Every structure is written in structure tokens, then in C-alpha cells.
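Structural features, examined
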Amino acid sequence: MAKKSELLERLQQMYDKGKINRRQFIQLASAAGLVSLLPSSLKADQTIPNSPYQTEREFKINQTTIDMYNRAKELGIETVWDRYSQVTTPKDAGATCLMCQQGPCFKVKTKGVCGASKDVIVCKNLLGETARGAAAHVGHARRIAKILKGIGDGSITNYQIKHPKKLETLAQGLGCSNNAKQVAETIQNDLSSLDGTPKMLQAKALPERQQKWQEKGIILKNGGCPEIMEAENSLAMGMDADVENMLKRACRLGLVDAYCGMYVATQIQDILLGVPEIQYIKTNLSVIDKNKINIVVHGHIPAIAESMVAAVEMYNKDWHGFYNTPEINLVGMCCTGMEVLMRHGLSYAGDILQQELAIATGAVELMVVDIQCTQPAVVEAVKASGLHTKIITTDPEAKIEGPEEIVEHKEFDPKKANEFAQDLVRIAKDNYKQNRDKYKVFVPNIEPTEMLAGFSTETLAKVLDNVKPGDPCGALVGQIQNGNIRGVVAVIGCVTPRELYYGYRTVELIKELIKNDVLVVLTGCVATIASYHGLMKLPEYDFSDYPEVGPGLKAVMRTIADKNRSTVPDGKAVPPCIFMGACVDNSRIEEVLNALANYLGVRIDQLPAAGSSPEYIAEKAVPIGFWAVDLGLFTHLGDPPNVLASDRVVQWLTQDVEKIFGGKFYVQSDPYKSAQKLMEVVEKKRANLGLDSRSSLFG
Ligand code: BF8
């Protein structure tokens, strides 16, 4: 029998050759008695023993999540991690086509019944996923644009224009009159027009990129909705069977996602709800307060949440005494949570993977859901535990079925937003009074983590303007040129149950980047998991309480703090991880990159910048990835989309597309290898710009 060391070596070779992934490596090693592994990902001893990735640091899953996971198990609640082990298959589902009734064609080796090659089948699946992701963001845009229109025509009075200056700037960019109705109609036309390039794209993308997209045949010639419809049309039986054509269509959907989805959402939400400013907030499940009535606002469109803020304030001020109840604690979840934390300083109760755990506290009276990223399992969690949380869905496209005492659908009408919010407050209050069982309440006695948030493009510019008055862009560019900041990496997207240790990839990747003087900008669930690991808090001035940070970056973040003492307390620095908002706020990242490129007089793909989504799970991340590639960015994904069955598609995505747009995909789950690669890219781009480069370090 082979010795243990030989077995381990063999497994290591299989891993190095990509025959097994990290999870399989650890599981096999465990089965062979080579490492101590536990039955479930969260009941771990919270370290990674001799992991093939782990070269420098011990990784501990945050204790609040561990405690709530264990509590959920006691209550009989199945979590996302449990289901992951039960129902998932190996990542690659092969070239499987479910599109017509000649099939289904499973794991096609060469051709399906219709004659489509496996390359074509893989493309169809990828394009379908991309279209769904783009549809999600355009759906978000459509809903928020309707509210702006209603304000403009006077039919909606529950929201106001909070940022008229931004409305004016947007109107100028779109080439329409400066009023809510005109801006909304221009945007609605961008979404629906059967002819013409959306005005938002023309206003926001750099001319050089627009010309490139024109030359390469992906510029939008219709509004967002017809583009998505045509993508679906191209997938119908007997339609597109041209690999390159389909992949370019996916690139085109990246533009739909950005300019008919994310930008619209960010711009209008800023106009209606205010441009985010610096906020100090609390994160993680222990923001749920066992001594209060807790309401979780969950989803992506912050319209209901905004009204709830006002309704809860009123309740806490005028009514809780009258009803003889505690105050209400309004907390956020997923991107709706990020929107309200950025604008109101609300605490953040959890990310995509923590939703059942919030229910397991037994202290959530009400979970209000708008659209996207709500796991239907929340209903099951209430059912299995017998807890009292009431779940209210509010969008006709996002209902969840279940017993009526647990889940109810109440369609949101923005014309009656205030009444709607007050009704939800009443439901939470009644549920608390009638059904809260104090003996079932469990919230870990662990302080929530701290997070510095609120870096809209405007706020970032203001902060940098304090560093170099009159030249905010120069303040950042100068630090890149002198090498204190080696480059900028946008780390975005979700957290995945695929990773054995919750948050491991994201946290370790970020730590590696900042250690090497790379400035990290963040949107989405990666930001809040980073906060759980202390990466978003205000560091002590000497960074003694903060993970290792490169000397250049440290100096920059101290200077920023010194020049912004009206908002950053004495004795503190600013963290080198800048939170720019929810996933739709990826649009803010492009605004910053465009400003840097303009300032330096270079193309975006020449900037020492890159993108990374180490733990993406949502379809929305796929068109975002294509958009990043369209912009010319090197784009890292922690897991591959389901394309591994086609070498040709893999080659196109990871190599050929670079010759077209300057950007390409790179897939790597190991955070250390990923960070290394991202730093190589940044250093190479520095060298190409004639800046000092550490390229030699990377061989
Ligand atoms: O848009 S990061 S899990 S919450 S998809 Fe969803 Fe992913 Fe979280 Fe928001 Ni974004």
C-alpha cells in the first residue's frame, strides 16, 4: 500500500493538473486519513490543515456565522451549505442541451440530435445564462425608472428628487430636458427602443470604447429589452449555430447589462434616494437585536426599504410606547441592505448565504423581499424551525410559495409606498406581540463588525479633492505613478457555498492584494464578507490592528485620513478596501476607471487595473464579466461558467477575445494564485505605461 506521503503527492498532482478541485482534494485527502476534515463545511475546526492553497495564513470562518449555523442545525433548519453537499454534482455539466423535444441531449460528445456541435451547445447555454443575468438588471432598471417617471408626471408623490444636481448632470449627458419626466422617458426609450444606440451608453462609455464596439460589431443598435429578446430569439431551435457570433452576442449583452441595467439603477437611485456619503456601519448577523422588533429588508431595489426607513423612524418616535412594544430595528440583507447602509447607515444583517441563519435567530419578525437573490429556502427554514418570521414578497416576478401563515405576497405600488411601509411595520409589530417566543431567541453574543462605507463616485472625488484640492483625479493618479499604489483591482460579486470555508477565497485574495500595495474596490457580497474579517473597518493609524498592508498603500490611506479629519476620526487611517456599493454600483467603478484613463490619456485596457469575482454564483455576474472584458479588463472568475466541455469556447473566452477588446477571462479558485496573476497583470500594464514595474518578480 502506498505511503501516506505518496498518496498525498498523487492527490496534489491531480489537483495541480486540474483533475480535481480543491474541495475534492480535501475530501479525498480526508477520506485517506491525510488531513482532518469535518463532516460539514461550517462545523470545521475553522482552519485549513495543509491545504494545497494555504501557504501563509490560517483561515478562520467568522464565529458569528459558525454560532448561527450550529443554532440552525439545532432547530432543524437546513442551510445552503447542507444542500450544497446533498444536491450538487461536479462543476462541469458538460454539453447538455434541453432546448427542444428532439432531445434532451445529455453530455454531448460531438453533436446533438439537430447536429449542433458541442461547442454550439455550450455557447447556447452560456448565452442563455448571460441573457438571464442582463434581464435581471434591466428588470431592476425598468422598475426604478417607472418611479422616476411617476414623480415626473405627478402620479407618485411618496418619493422626491433628493439630488437635483445629479438629475441635471444626467439630463445633460442624455441630451434631454432637465426634468424627471424627460429623463425617465429617455431612459425608458433606452430600454425599449427598436432602433438606435441607448443614450446612456453614449453618455457613459468612453468614445474610444464605443468606436471599438462599433468596429467589432457589438455596439447596441436597439434598446435593452429588444436586445435580450433577440438573444433569446437567436437561441431558438434552428437559429444561431455560429460560435463566434454567439459569444460576441454575449459580449453585447454585457453592454445591455451595464448601460440599460446597472447604470440606470445607480443613477436613478442616487437621484431619488440621495448620493451615498461616508457612513460607519455595523455588519453581520449579530446586528439583529434580541431586545427589539427586527425587520430585514432583502433584495435589490431600495424603494420599499427607503419608505420603511421613514415608517420605522415614525414608529420608534411616536408609536412603540403607545403599543407597549420595543423599538424596531431595521436591518438590511443582500444588495437592498447595501443600498440602505450606504444612504442611511443601517446595519447589515447578512449576505446571500446567511439568510436562513437570520431566521434561525428567532428574533426576525418580518423579512421583506423585493427582487433577486432571495433563496426560496427561507420559507422552508421558518417551516422546519417553527419560528415566527413572516416573509412578505412584493414583486409579481418574485413570489415564493408556502403556507400563508409564513409567506404572503403583497404587491408593491410605489404610489402608495408610505402606506405600504406602515402596513409592514404593523405586521412586524403584531407578529412580535403575538408570536415571538423569547425562549427560542438566540443571537450570538459577539459584537458586529465595523465597516466604512459610502464611496459613491462623487464621495470618492470629494475625499480625494481634500487630498489635492482642485485635482482629485490627480491625487489618485499621482499615487499610482509613484508606485505607492501598484494598481486597482475591483473585487465584486457573491460568496459561494462551493468554497469549503465560507469567504475564504475572497478574504485571502483581498489580503494578498493589499499586502502588495494594490488598492481594492468592492461591490456586492464580497464586501460584507470582507468586513466580517476586519478588512473594511477604520484601521488604527499605524495599522497595528489590521491585516498586513503594503507600505505604499498604508502611506496613501493615512494621507487620505489626515486630509479628511472632518469625517475620519483622529488616530485612524482609511482601509485600503473601498466599498462602492451594491452590484449595480459596478457602474461607479467604470466611472472611476474612465476618469483615470481620461486623466492619463490612455485606454482603459492600458490602466494597471483588473476585475475579479472570486466567488460568483448569480447569473447577473456573467454579463457583468462580459462587460468588463468589453471594457478591456483582465477579468478573474473563481469558478468557470459551464463551458469546460468545449475547448474552443474556453480558448475564446480566455485568449482569443483579448485580441478583440483587450480584456479576457481567467479562471482560478485558489486565492493565492489568483492574486499572483492579478498582480502580474497590473505590473505588466505599469511597465507598458513606462511606470516602474515589479514584473521581474513574477518571471
Ligand atoms: O447583486 S453579490 S449574491 S446580493 S448577485 Fe446576489 Fe451576488 Fe450578493 Fe446583489 Ni450581486
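This text goes with the structure placed above it.
Only a predicted model underlies this, so the values are computations on that prediction, with no experimental measurement involved. (Residues numbered from 1 in each chain as written. Predicted model: local features only at pLDDT ≥ 70, side-chain atom pairs only at ≥ 80, totals over all residues. Heavy atoms only, no water.)

**Notes on the overall build of the protein chain**
Where we set the bar: Going along the chain from the N terminus, every DSSP run of H or I of four or more residues is numbered as a helix, and every run of E of two or more is numbered as a strand. A radius of gyration in this sense is built from C-alpha atoms; the matching globule rule multiplies 2.2 Å by the number of residues raised to 0.38. Should any heavy atoms of two residues lie within 4.5 Å, those residues are considered in contact. Areas reported as accessible are Shrake-Rupley estimates using a 1.4 Å probe. Residue values count occlusion only from the protein chains shown. When charges are counted, Lys and Arg are positive and Asp and Glu negative, with His and the chain ends excluded. Note on charges: their place is set at NZ of Lys, CZ of Arg, CG of Asp or CD of Glu.
Per the secondary structure count, the protein chain includes 25 helices and 14 strands. Here the C-alpha radius of gyration of the protein chain, 25 Å, is about what a compact globule of 699 residues would show, namely 27 Å. Taking the principal axes of the C-alpha coordinates as reference, the protein chain spans close to 70 × 70 × 65 Å. For the protein chain, long-range pairs separated by at least 24 residues make up 76% of all intrachain contacts whose partners lie at least 6 apart in sequence. Accessible area of the protein chain: about 26,500 Å², with a carbon and sulfur share of 49%. One way to put it: in the protein chain the 79 positive side-chain charges average out to a point 3 Å from where the 82 negative ones average out.

**Quick word on helix α6 (residues 164–174)**
Put simply, the rule is: Classification of residues uses two cut-offs on accessible area relative to the type maximum, computed with a 1.4 Å probe and protein chains only: under 20% is buried, over 50% is exposed, and between them is partly exposed. Relevant arc is that of directions from the helix axis to the C-beta atoms, nothing else.
Here α6 has its buried residues at K166, L167, L170, A171 and L174. What you see down the axis of α6 is that its buried residues fit within an arc of 140 degrees, all on one side. In α6, the exposed residues that point more than 90 degrees away from the buried face are K165 and Q172. The inward-facing, buried residues of α6 contact α7 (180–192), α8 (199–204), α11 (243–273), α17 (457–467) and α22 (586–600). After α6 finishes, the residue G175 shows a positive phi value of roughly 75 degrees.

**Some details on the coordination of the nickel atom of the ligand**
Metal coordination angles in their ideal form are 109.5 degrees for the four-donor tetrahedron and 90 or 180 degrees for the six-donor octahedron. The line we're drawing: Each metal's donors are the N, O and S atoms found within 2.8 Å of it, except that Na, K and Ca use a 3.2 Å limit; water is left out, so coordination can look incomplete.
Looking at the nickel atom of the ligand, one finds just one donor atom contributed by the protein, C583 (SG), at 2.2 Å. Mapped onto the elements, C583 comes out in the loop between β11 (577–581) and α22.

**Looking at the nonpolar core**
For clarity, the threshold we go by: What we call a nonpolar core is a set of buried Ala, Val, Leu, Ile, Met, Phe, Trp, Tyr and Cys residues that are connected through their side-chain atoms within 4.5 Å.
W213, Y259, I295, M308, I391 and L513 are the most contacted members of the largest nonpolar core, which has 235 residues in total. Among the elements that make up this core, the one with the highest residue count is α11 (19 residues). Apart from the residues lying within four places of it in its own chain, the contact partners of Y259 are M200, L201, K204, A205, W213, V264, E590, W627 and L631.

**Let's talk about helix α24 (residues 647–661)**
The condition that has to hold: In this scheme, a helix's expected span is set at 1.5 Å multiplied by one less than its residue total. In this scheme, the bend at a residue equals the angle between the axes fitted to the seven residues that finish there and the seven that begin there.
Look at α24: 20 Å from first C-alpha to last across 15 residues, which is about the 21 Å you get at 1.5 Å a residue. Along its length, α24 reaches its greatest deviation from straightness, about 45 degrees, at L653. At its buried positions, α24 is contacted by α5 (118–153), α9 (207–215), α11, α23 (621–631) and β14 (664–667). Of the residues trailing α24, G662 is marked for its positive phi of about 95 degrees.

**Focus: the packing of α11 against α22**
Here is the rule we go by: Only C-alpha atoms enter the line fits that serve as axes; for helices the fit covers just the stretch in contact. Angles between N-to-C directions range over 0 to 180 degrees. Here the word oblique covers every angle except those under 35 degrees (roughly parallel), over 145 (roughly antiparallel) and from 65 to 115 (roughly perpendicular). Basically, the charged four are Asp, Glu, Lys and Arg, the nonpolar ten are Ala, Val, Leu, Ile, Met, Phe, Trp, Tyr, Cys and Pro, and anything else, Gly included, counts as polar.
With their axes 8 Å apart at the nearest point, α11 and α22 run at an angle of 95 degrees to one another. Considering their axes alone, α11 and α22 lie roughly perpendicular with respect to each other. Packed against α11, whose contacting residues are Y259, M262, Y263, T266, Q267 and D270, the element α22 presents N586, S587, R588, E590 and E591 at the interface. Each residue belonging to the contact of α11 with α22 can be placed in one class, and the counts come to three nonpolar, four polar and four charged.

**Points about the site of the ligand**
Our working rule: Whether a residue is near a molecule or strand depends on its heavy atoms: it is near if one of them lies within 4 Å of it. Here a polar contact is taken to be a pair of N or O atoms separated by no more than 3.5 Å, where protein atoms must pair a possible hydrogen donor with a possible acceptor and residues adjacent in sequence count only if both atoms sit in side chains.
Surrounding the ligand, one finds H300, C334, C335, I352, C373, G493, C494, C525, C583, A618 and K620. In this structure, K620 approaches the ligand through a side-chain N or O atom, which is 3.0 Å from an oxygen atom. Among the residues forming the shell around the ligand, the class breakdown is eight nonpolar, two polar and one charged.

**Some details on unusual backbone geometry**
The bulk of non-glycine residues show a negative phi, and the bulk of peptide bonds are trans. With an omega dihedral of 5 degrees, the bond running from G103 to P104 counts as a cis peptide bond. For P104, the position within the fold is in the loop between α4 (80–87) and α5. Phi is positive for N284, which is not a glycine, with a value near 100 degrees. Considering the arrangement of structural elements, one finds N284 in the loop between β1 (279–283) and β2 (293–298). Here F543, not a glycine, exhibits a phi torsion of approximately 60 degrees, which is positive. Looking at where F543 falls in the secondary structure, it is placed in the loop between α20 (525–532) and α21 (551–562).

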